[in-house]
Amino acid sequence: MELNESEFFNQLLDYNNILYLCHRNADPDALGSAFALKEAVGGTIGVIEGCDRVASQIAGQLNIEFVNEPNGDFDLVVVVDTSTPAQLNGFPLKTYAVIDHHASTSLNEKAAFYLHRNKSSTAEIVLEVLMKTGAPIMRRTAFALISGIITDTGNFRHATSDSFKAVAELLELSGIEYSEVMDMLSSVPQDVSMRIAFLKAAQRAVIERVDDWIIVTSRVSSFGGAAASGLISIGADVVFVASKQDDIVKVSARARREAQNVGVNLAKLMEDISVKFNGTGGGHEGAAGMDVQGEMENVLDACVEYVKSLLKKNPDEKPVQEKLSQMR
Ligand SMILES: [Mn+2]
């Protein structure tokens, strides 16, 4: 059953125990929207395979509580910002509702009720719900929704006039300074030792180019995962950052979405390579890690060779920029 904004809100009020379920690797739009609904109606936020880097940062700074891989009895599951069941990793849905902005809507058919709008973010739809029902919008809610709009519009690159209006409205209602939001969304961490790890990772970077793909390896003594993400944010497509702790070599790997799209699966790579070096590894396609034994250099070489062979298997694939412009 398709509902409008106030009908959707009123339906939610009929349930006692609601789970707001975000798509896997929740982004700020999913997490922010779930948080705003939870604050207004009550319930629990659930995520699958954790949050992405920016959403984790937001959750930390705004103190947003969520449950990873939720299970248990809920009267209603509200699927947030999710267009296909696959993004829920087979989460068993019984009575559920959907609030979403994506074009494909296969989850809506079996939903008890749903609210769908062609907006550039789910956060904008949630804002409409709250405005139309007169629900109070607190500072943290506004912060979370603004973050969702900014990230889902690619820093306003794909924004509509509605996205700007929504952000203007939220700033006005909450008194938040836009620069505060920018600071939080910045890819530069606040922590000094983490920033030093980023800079050292960049200083020690070994760069390899395969066609238009850039593979980077580096070494730090701590914050390997964050440092790997940092190298992605300054231009690498695939990154491996190693640290040595006692006799264990720890490797954190990150890959840009475009590299995943042509077959780079870091979870598989870490599993395969960790076996060769008597260790264990795994994770997700775009972010994974392993603990192994051996020389740091040999381990990193093995990772790079593995990625090169994957990238060479797909010679027809277009490099990043070209692909992006075709998607628009
Ligand atoms: Mn979204």
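Since the model is a prediction, treat every value here as computed from it, not as a measurement.

Novice: Hey, could you go over the environment of Lys119 for me, with residue numbers and the actual values?
Specialist: Locating Lys119 in the fold gives a position in the loop between β6 (113–116) and α4 (122–133). Taking C-alpha positions, Lys119 is 30 Å from Asn71, a pair spaced 48 residues apart along the chain. In contact with Lys119, not counting residues within four places along its chain, are His101, Glu124, Ile125 and Asp162.

Novice: Lay out the nonpolar core with the relevant residues and their values.
Specialist: The nonpolar side chains of a soluble globular protein tend to be buried, and buried together. Grouped together as the largest cluster of nonpolar side chains are 59 residues, with contacts concentrated most on Leu21, Leu31, Val78, Ile99, Val126 and Leu145. Residues within four places of Leu145 in sequence aside, it is in contact with Gly32, Ala36, Ala123, Val126, Leu127 and Leu170.

Novice: Summarise helix α12 (residues 296–313); cite the residues concerned and give the values.
Specialist: Under the 1.5 Å per step criterion, the end-to-end length of α12 is 26 Å for 18 residues, consistent within 8% with the ideal 26 Å. For α12, every residue scored as buried is listed here: Val299, Cys303, Tyr306, Val307 and Leu311. For α12, the angular spread of buried residues about the axis comes to 135°, placing them on one side. Seen from the open side of α12, the exposed residues pointing more than 90 degrees away from its buried face are Glu305, Ser309, Lys312 and Lys313. Next to the buried residues of α12 lie β7 (206–210), β8 (213–219), β9 (238–245), β10 (248–255), α11 (266–276) and β12 (287–292).

Novice: Give a description of the pairing of β10 that names residues and reports values.
Specialist: Most of β10 is tucked away: seven of the eight residues are buried. Sheet analysis places β9 next to β10, joined by eight bridges and oriented antiparallel. Counterpart to Val238 in the pairing with β10 is Ala255. Counted between consecutive antiparallel strands, the loop separating β9 from β10 contains two residues, among which Asp246 sits at a positive phi close to 55°.

Novice: Explain the domain arrangement of the chain to me, using residue names and the numbers behind them.
Specialist: In terms of domain boundaries, the chain breaks down into domain 1 (5–185) and domain 2 (192–313). Computed from C-alpha coordinates alone, the two centres of domain 1 and domain 2 are separated by 32 Å.

Novice: Give a description of the packing of helix α3 (residues 53–62) against helix α5 (residues 139–152) that names residues and reports values.
Specialist: Packed helix pairs are specified by the crossing angle of their axes together with the interaxial distance, meaning the distance between the axes. The geometry of α3 relative to α5 is characterised by a closest axis approach of 11 Å and an angle of 170° between their N-to-C directions. It follows from the interaxial angle that α3 and α5 lie roughly antiparallel. Read as a crossing pair, α3 and α5 show a hand that is right-handed. Together, Val54, Ile58 and Leu62 of α3 and Arg140, Phe143, Ala144, Ser147 and Thr151 of α5 make up the contact between the two elements. Residues belonging to the contact of α3 with α5 are distributed by class as follows: five nonpolar, two polar and one charged.

Novice: Now, about the confidence of the model for the chain: what can you tell me, with residues and values included?
Specialist: With 94% of its residues at a pLDDT of 70 or more, the chain shows a mean pLDDT of 90. Below a pLDDT of 50 lies the segment residues 318–328, which in the model reaches six contacts outside its immediate sequence neighbourhood of four places, other chains included.

Novice: So, the sheet that holds strand β3 (residues 67–68): which residues are in play, and what are the values?
Specialist: With parallel pairing, six strands are arranged side by side in an open sheet as β3-β2-β1-β4-β5-β6. Taken across any chain shown, the strands that pair with only one partner, and hence form the sheet edges, are β3 and β6. Here two bridges tie strand β2 (residues 44–47) to β3, and the two strands are oriented parallel to one another. Each bridged residue has a counterpart across the sheet, and for Val47 the counterpart in β3 is Asn68. Docked against the sheet, helix α1 (residues 5–12) engages β1 (18–22), β5 (96–100) and β6, running at close to 145° with respect to β6.

Novice: An account of the sheet that holds β8 is needed here, citing residue identities and associated values.
Specialist: An order of β7-β8-β9-β10-β12-β11 is seen for the six strands of this open sheet, with the pairing classed as mixed. Edge positions in the open sheet fall to β7 and β11 (280–283), since each of these has one partner strand only. Recorded for the sheet is a direction-independent mean angle of 15° between the axes of neighbouring strands. With four bridges joining them, β11 and β12 adopt antiparallel strand pairing. Bridge pairing in β12 places Gly282 opposite Gly289. Where helix α9 (residues 224–233) meets the sheet, its contacts fall on β8, β9, β10 and β12, and the angle it forms with β10 comes to roughly 35°. Against the sheet, α12 makes contact with β7, β8, β9, β10 and β12, and its axis sits at roughly 165° relative to β9, the strand it touches most.

Conventions used here
Residues numbered from 1 in each chain as written. Predicted model: local features only at pLDDT ≥ 70, side-chain atom pairs only at ≥ 80, totals over all residues. Helix = DSSP H or I, 4+ residues; strand = E, 2+ residues; numbered from the N terminus. Contact = placed C-beta atoms within 7 Å. Core = buried A, V, L, I, M, F, W, Y, C linked by C-beta atoms within 7 Å. Buried ≥ 20, exposed ≤ 12 C-beta atoms within 10 Å, placed from the backbone. Expected span 1.5 Å × (residues − 1). Arc of directions from axis to C-beta. Pairing = 2+ DSSP bridges. Domains from an automatic or database assignment. Axes fitted to C-alpha atoms, helices over the stretch in contact; angles between N-to-C directions. Parallel < 35°, antiparallel > 145°, perpendicular 65-115°, else oblique. Left-handed = near helix turned anticlockwise from the far one by under 90°. Nonpolar A, V, L, I, M, F, W, Y, C, P; charged D, E, K, R; others polar. pLDDT = per-residue confidence, 0-100.

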